[in-house]
Amino acid sequence: AGTRRLYLDLGGRMNLVGPKTLPEFWNRHAWDSAQLLKFVPDARTWADLGAGAGFPGLVLAVLGKERPGVHVHLVESMAKRCRFLAEVVGELDLPATIHNDRAENLNLAVDIVTARACAPFARLFGYAQPFFQKGATGLFLKGQDVASELEEATTYWKFKAETVPSLSDPRGRLVWVRSVQRVRHG
């Protein structure tokens, strides 16, 4: 309840969590994010790109707090959102680092790179490219338009992707992504 209250107070005040989604907080935000651990229970290091209101990154940090070696890198380019993330990380003493920077500028090695509501794959793969180059696997939360997003991405990227149904929303998909390389044109 304390985590939800923190989101209501801070996230609402900073307009980071849509007011219409607050009644569905646990299923729409928390459980949607937490389900990632079911698919990669041994992952220790994460990078959440476009961390925004902290989904899935803060949820992963909360759930990993007592697990040795777990660390979540919350990557967000907007300072206002970074202030929110820093408050939550500090208040809950989470194993997380906030990076107020663009993902493509970072040089971090992680097990899993993830994002939720960050960008379509055609752009997201560009943001995540440095993480893929260091051996990360992508595990992204996407909505019902995932097939068209993946199709569009093939214009710019060569990759291997597998989709599985979301456990929190039958319209959602989790997308595993490996071996991402930019397509060379001309």
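Above this text you will find the structure in question.
Residues numbered from 1 in each chain as written. Predicted model: local features only at pLDDT ≥ 70, side-chain atom pairs only at ≥ 80, totals over all residues. Heavy atoms only, no water.

**Q** It is not clear to me how the overall build of the protein should be interpreted in this structure. Could you clarify?
**A** Regarding its fold elements, the protein presents seven helices and seven strands. Walking the protein from its N terminus toward its C terminus, one meets helices and strands in the order α-α-α-β-α-β-α-β-β-α-β-α-β-β. Scored against the burial criterion, the 186 residues of the protein give a buried share of 50%. Put simply, of all contacts in the protein between residues at least 6 apart along the chain, 69% involve residues at least 24 apart. Approximately 9,400 Å² of the protein is accessible, and the part contributed by carbon and sulfur atoms is 49%. (Helix = DSSP H or I, 4+ residues; strand = E, 2+ residues; numbered from the N terminus. Buried < 20%, exposed > 50% of the residue type's maximum accessible area, 1.4 Å probe, protein only. Contact = heavy atoms within 4.5 Å. Areas by Shrake-Rupley, 256 points an atom, 1.4 Å probe, with all protein chains shown as cover.)

**Q** Sorry if this is basic, but what is going on with the side chain of aspartate 48 here?
**A** Considering the arrangement of structural elements, one finds aspartate 48 in strand E1 (residues 45-49). For the buried aspartate 48, which has no salt bridge, the nearest side chain bearing the opposite charge is arginine 116, at an N-O separation of 8.7 Å. Setting aside residues no more than four positions away along its own chain, aspartate 48 makes contact with Gly54, Phe55, Pro56, Gly57, His73, Leu74, Val75, Thr114 and Ala115. (Lys, Arg positive; Asp, Glu negative; His and termini not counted. Salt bridge = Lys/Arg side-chain N within 4 Å of Asp/Glu carboxyl O.)

**Q** Teacher, can you tell me more about the sheet that holds E1 here?
**A** Working definition: the strands of a sheet are paired by backbone hydrogen bonds and lie parallel or antiparallel to each other. Read across the open sheet, the seven strands follow the order E3-E2-E1-E4-E5-E7-E6; overall the sheet is mixed. The open sheet terminates on both sides in strands that have one partner only, identified here as strand E3 (96-100) and strand E6 (157-165). Ignoring strand direction, the axes of neighbouring strands in this sheet form an average angle of 20°. Across five bridges, E1 lies against strand E2 (residues 71-76) in parallel orientation. Residue pairing for E2: alanine 47 is matched across the bridge by histidine 73. Relative to strand E5 (residues 137-142), helix H6 (residues 121-133) is tilted by about 150°, and along the sheet it contacts E1, strand E4 (112-115), E5, E6 and strand E7 (173-182). (Pairing = 2+ DSSP bridges. Axes fitted to C-alpha atoms, helices over the stretch in contact; angles between N-to-C directions.)

**Q** Teacher, can you tell me more about the pattern of salt bridges here?
**A** Taken as a whole and assessed by the stated rule, the structure comprises five salt bridges. Among the salt bridges present, the one from glutamate 149 reaches lysine 142, with a minimum N-O distance of 2.8 Å. In this pair, the class of glutamate 149 matches that of lysine 142, namely buried. Here aspartate 169 makes a salt bridge to arginine 171, at a shortest N to O gap of 2.9 Å. What makes aspartate 169 partly exposed here is its relative accessible area of 23%. Residue classification places arginine 171 among the exposed residues on the basis of a relative accessible area of 54%.

**Q** Any chance you could explain the environment of glutamate 104 here in plain terms?
**A** For glutamate 104, the location among the structural elements is in the loop between E3 and E4. The class for glutamate 104 is partly exposed, based on a relative accessible area of 30%. With 27 residues separating them in the primary sequence, glutamate 104 and phenylalanine 131 have C-alpha atoms 8.5 Å apart. Every residue in contact with glutamate 104, bar those within four places of it in the chain, is listed here: Gly126, Tyr127 and Pro130. Here the side chain of glutamate 104 touches arginine 102 through a polar contact of 2.7 Å, side chain to side chain. (Polar contact = N/O pair within 3.5 Å; in protein donor to acceptor, adjacent residues only side chain to side chain.)

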